[in-house]
Amino acid sequence: MSLQKTLKKYVYFFIALSIIGLGVNLLAESMLGGDGITVLYMGLKHSFGLSYGASAYVYNFTIIGLAVVFARKYVGFGTFLYSFGIGSFVYFFESLLYRFDLYPEMMAGKILYLILGQVMLAFGLAVIINLKIGINALDCIIIKIQNKWGISYRVQRVIFDVSITLAGFLMG
């Protein structure tokens, strides 16, 4: 692959990360729910007084540490880029929302944030998956378990997502 194509790929990767970072904040600020990891970030924020960005760092450092220890074979450059980059974008957009006081108070605004956040999260993740730079740290662990014990990806993903959502919910 040429240098120009490689650079273009990474530019798209960081644009997708920024879209995900904004999407996570919109989901969280809607206060109407979100994906499991966003609920976990909300729980960490509520229980420990962390920002969403700091919560993203805590989660990603933990999960990448586990992936490196238990599923090293599946960890790639993109795994590190995503894990270390996402917290910065989440924190950046959290700061912007705070600075400009962009928190919805009416239900229509909350629903708009929920929809926009979910669309942005899905779009950003789809772009990252299509770039084929590497898989996220949680998927590294899931694939390792699938290959070692034969538990399907789908079953594991449901278990992990429910567990992460429950942990976030229980934290507040």
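Here the structure is a predicted model, which means the values were calculated and not measured. (Residues numbered from 1 in each chain as written. Predicted model: local features only at pLDDT ≥ 70, side-chain atom pairs only at ≥ 80, totals over all residues. Heavy atoms only, no water.)

**Side note on the environment of Leu97**
Structurally, the position occupied by Leu97 is in helix H4 (residues 77-99). Separated by 34 residues in sequence, Leu97 and Leu131 have C-alpha atoms that sit 29 Å apart. Residues within four places of Leu97 in sequence aside, it is in contact with Asn25, Glu29, Leu102, Tyr103 and Tyr113. (Helix = DSSP H or I, 4+ residues; strand = E, 2+ residues; numbered from the N terminus. Contact = heavy atoms within 4.5 Å.)

**Considerations on the environment of Ser152**
Positionally, Ser152 belongs in the loop between helix H6 (137-149) and helix H7 (153-171). Note: C-alpha distance between Ser152 and Tyr12 (140 residues apart in sequence) is 31 Å.

**Regarding the packing of aromatic side chains**
Inspection of every chain in the model, using the stated rule, returns 7 aromatic pairs. Judged by centre distance (5.5 Å) and plane angle (90 degrees), the ring pair of Phe13 and Phe14 falls under edge-to-face. Classification of Phe13 by relative accessible area gives buried; the value is 1%. Phe14 sits in the partly exposed class, given a relative accessible area of 34%. Relative to Phe61, the ring of Tyr57 has its centre 5.8 Å away and its plane inclined at 15 degrees; by these criteria the two rings are stacked. Of this pair, Tyr57 and Phe61 both sit in helix H3 (residues 52-70), 4 residues apart, which is roughly one turn of that helix. Judged by its relative accessible area of 26%, Tyr57 is partly exposed. Under the relative-accessibility criterion, Phe61 is labelled partly exposed at 44%. The rings of Tyr57, Phe61, Phe80 and Phe84 are connected pair by pair, giving a single aromatic cluster. Over the aromatic face of Tyr52 sits the side chain of Lys45, whose NZ or CZ is 4.2 Å from the ring centroid. (Phe/Tyr/Trp six-rings, centres within 6.5 Å; stacked < 30°, edge-to-face > 60°. Buried < 20%, exposed > 50% of the residue type's maximum accessible area, 1.4 Å probe, protein only. Lys NZ or Arg CZ within 6 Å of the ring centre and 35° of its normal.)

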